[in-house]
Amino acid sequence: LLGRAARGGDARAQRDLGLLLQATARDGAALGDALRWLREAAAGGDPAAMAALGRSLALGLGAAPDRGGALLWLGRAAEAGDREAAETARLLGLG
C-alpha cells in the first residue's frame, strides 16, 4: 500500500517509504533507494522529507556526503516551516 502510494506521487508516502527503507537498510543499494524516495518527496514539497534529505546528504547515507546539498535542503525545509531544520544544520556543523 505504501509503495503504491509512493509510486503514485504521494509525497508523504514517498517520505515514509524513504525513511522506512533507510531504517531497515542492510547495504548501500538500499540506502540509495531510500535517498531516491526522500528526493522525490522533497521535490514534491514535503518539509519533513526536505529535512530528512538534508540530514542524509550531510551524513552520506545513500551517497557520498554532500555539504552543499545538505545545506540547500535543510534551508528549504526551514523555509517551508520545519522548525528543527536550521538547528539540525547547526548541529551538523553546516550552518
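1. A look at the overall build of the protein
The secondary structure content of the protein amounts to six helices and zero strands. From first element to last, N terminus to C terminus, the protein shows the α and β order α-α-α-α-α-α. A compact globule built from 95 residues would reach a C-alpha radius of gyration of about 12 Å, and the protein, at 12 Å, matches this within 12%. Along the first, second and third principal axes, the C-alpha atoms of the protein reach 35 × 30 × 15 Å.

2. Side note on the packing of aromatic side chains
Tallied over the full model, the rule gives zero aromatic pairs. We note R76 situated over the ring of W73; from NZ or CZ to the ring centre the distance is 4.8 Å.

3. Description of helix α4 (residues 47-59)
The end-to-end C-alpha separation of α4 is 19 Å, in line with the 18 Å expected for 13 residues at 1.5 Å each. Taken together, the buried positions of α4 are A49, M50, A51, A52, L53, G54, S56 and L57. Elements that come into contact with the buried residues of α4 comprise α2 (11-24), α3 (28-43), α5 (67-79) and α6 (85-91). Where α4 begins, one side-chain oxygen reaches toward the backbone nitrogen of A48, 3.1 Å away; that side chain belongs to D46. One or two steps after α4, the chain reaches G60, where phi turns positive at roughly 75°.

4. A word on the pattern of salt bridges
Enumeration over the complete set of coordinates arrives at three salt bridges. Among the salt bridges present, the one from R15 reaches D16, with a minimum N-O distance of 3.2 Å. E87 serves as the salt-bridge partner of R90, at 2.6 Å between the closest nitrogen and oxygen. Of this pair, R90 and E87 are both found in helix α6, three residues apart, which corresponds to roughly one turn of the helix. Owing to a relative accessible area of 49%, R90 belongs among the partly exposed residues under this scheme.

5. What to know about the confidence of the model for the protein
For the protein, per-residue confidence averages 95 on the pLDDT scale, and 99% of positions sit at 70 or higher. Across the protein, element-level confidence peaks in α2 with a mean pLDDT of 98 and bottoms out in α6 with 89.

6. Describing the side chain of S56
Summarising the element assignment, S56 is placed in helix α4. Not counting chain neighbours up to four residues away, the residues in contact with S56 comprise Q22, L35, L38 and L61.

7. Focus: the nonpolar core
Ranked by internal contacts, the top residues of the largest apolar core, which has 17 residues, are A42, L53, L57, W73 and L74. Contributing elements (two or more residues each) for this core: α3, α4, α5 and α6. In this structure, A42 is in contact with A49, M50, L53 and W73, ignoring residues within four places of it in sequence.

Procedures and definitions
- Residues numbered from 1 in each chain as written.
- Predicted model: local features only at pLDDT ≥ 70, side-chain atom pairs only at ≥ 80, totals over all residues.
- Heavy atoms only, no water.
- Helix = DSSP H or I, 4+ residues; strand = E, 2+ residues; numbered from the N terminus.
- Rg over C-alpha atoms; globule rule 2.2 N^0.38 Å.
- Phe/Tyr/Trp six-rings, centres within 6.5 Å; stacked < 30°, edge-to-face > 60°.
- Lys NZ or Arg CZ within 6 Å of the ring centre and 35° of its normal.
- Expected span 1.5 Å × (residues − 1).
- Buried < 20%, exposed > 50% of the residue type's maximum accessible area, 1.4 Å probe, protein only.
- Contact = heavy atoms within 4.5 Å.
- Polar contact = N/O pair within 3.5 Å; in protein donor to acceptor, adjacent residues only side chain to side chain.
- Salt bridge = Lys/Arg side-chain N within 4 Å of Asp/Glu carboxyl O.
- pLDDT = per-residue confidence, 0-100.
- Core = buried A, V, L, I, M, F, W, Y, C linked by side-chain atoms within 4.5 Å.

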